[in-house]
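Results of the structural survey
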Amino acid sequence: LYDAEQEAIVFRKFFETYAGYTIDALDEIAWRTLQQVYTGELAEEQRIALFRRETASWEAFLYYLMAEDDYYGLQHGVIPPDLMLPVNAYLEAMKIDPTMQEAERGLAVLLIGAIEQKLLPPQQVLETLSTVVDTFPGTAMIAHILVTLLFAMERFPEAAAAARRALETSPQSAALHRLLSDTLVMEEKLDEAEQLLRTAAETHETPELLM
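First, a word on scope: everything that follows refers to the structure included in this document. Please read all numbers here as calculations on a predicted model, not as lab measurements.

**Observations concerning unusual backbone geometry**
With a phi angle near 55°, E7 is a residue other than glycine that sits in the positive phi range. Within the fold, E7 resides in the loop between β1 (2-3) and β2 (8-9). In this model, K118 sits at a positive phi of 55°, which is unusual for a non-glycine residue. Within the fold, K118 resides in the loop between α5 (101-116) and α6 (122-135). Using a relative accessible area of 74% as the deciding quantity, one classes K118 as exposed.

Laid out in structure tokens, this is it:
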């Protein structure tokens, strides 16, 4: 942390690449920076909000960090001996705390990377995505990936069914409405696709669907 007025480094931090240490270091960096730029006194609720985790469960957070470690290694060419280990760690975090969106995002990114790098068979990824959607209704991000993958594989009836199922719990998702519409177009159900978008835009106040 460099203070331009003093022309000096006021804080320096070295840390290991283990995800837990990284997050702890980022928390400390945030606090040290705040001390330098904020001259007032923080209220208690502000101090709590500054370091609030994605989950109140340490157990869920621990499983999340385990998965993040493997994902970090994957980004740097270190392929885990079993890629389902971080997948299951993300899932365990979500089971403990179904509201932990960070775990859902991490799982989504990991599975996309697994497909791109051909580390997992597409069918296995599909099965994992489908299990997540069935187990955790409302996971719109995972549902979006599932429908997109089915669409890319030209499995249009399955893609449409998955999109409809996901929209039951995420009715305001513009992305899912658009995907379902695209799928219906590929099935040559043009009138139904157009009506879907118009109804969605009117019902959920998402006029961008009609653009």
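**Some details on helix α4 (residues 84-96)**
Over its 13 residues, α4 runs 18 Å from end to end, which matches the ideal 18 Å to within 8%, given 1.5 Å per residue. Within the span of α4, buried status applies to M84, P86, V87, A89, Y90, L91, A93 and M94. If you follow the buried residues of α4, they end up packed against α3 (58-75), α5 and α6.

**Observations regarding the packing of aromatic side chains**
In the structure shown here, the tally under the stated rule is 4 aromatic pairs. Relative to F61, the ring of W58 has its centre 5.6 Å away and its plane inclined at 50°; by these criteria the two rings are tilted. Here W58 and its partner F61 are both found in helix α3, 3 residues apart, which amounts to about one turn of the helix. On the basis of relative accessible area, W58 is assigned to the exposed category, the value being 57%. The buried category is assigned to F61, whose relative accessible area is 7%. Aromatic pair F151 and F156: ring centres 5.3 Å apart, planes at 65°, arrangement edge-to-face.

**Concerning the pattern of salt bridges**
In total, this model carries 5 salt bridges according to the counting rule given. The salt bridge partner of R105 is E102, with a shortest N-O separation of 2.6 Å. Of this pair, R105 and E102 both sit in helix α5, 3 residues apart, which is roughly one turn of the helix. R105 gets classed as partly exposed once you look at its relative accessible area, which sits at 29%.

**Examining the packing of α5 against α6**
Contact pair α5 / α6: the axes reach a minimum separation of 11 Å and the direction vectors enclose 165°. Here α5 is positioned roughly antiparallel relative to α6, judged by the angle of their axes. Here the hand of the crossing between α5 and α6 comes out left-handed. For the pair α5 and α6, contact is made by L107, L111 and I115 and by V125, T128, L129 and V132, respectively. Looking at side-chain class alone, the contact of α5 with α6 contains 6 nonpolar, 1 polar and no charged residues.

About the criteria used
- Residues numbered from 1 in each chain as written.
- Predicted model: local features only at pLDDT ≥ 70, side-chain atom pairs only at ≥ 80, totals over all residues.
- Heavy atoms only, no water.
- Helix = DSSP H or I, 4+ residues; strand = E, 2+ residues; numbered from the N terminus.
- Buried < 20%, exposed > 50% of the residue type's maximum accessible area, 1.4 Å probe, protein only.
- Expected span 1.5 Å × (residues − 1).
- Contact = heavy atoms within 4.5 Å.
- Phe/Tyr/Trp six-rings, centres within 6.5 Å; stacked < 30°, edge-to-face > 60°.
- Salt bridge = Lys/Arg side-chain N within 4 Å of Asp/Glu carboxyl O.
- Axes fitted to C-alpha atoms, helices over the stretch in contact; angles between N-to-C directions.
- Parallel < 35°, antiparallel > 145°, perpendicular 65-115°, else oblique.
- Left-handed = near helix turned anticlockwise from the far one by under 90°.
- Nonpolar A, V, L, I, M, F, W, Y, C, P; charged D, E, K, R; others polar.

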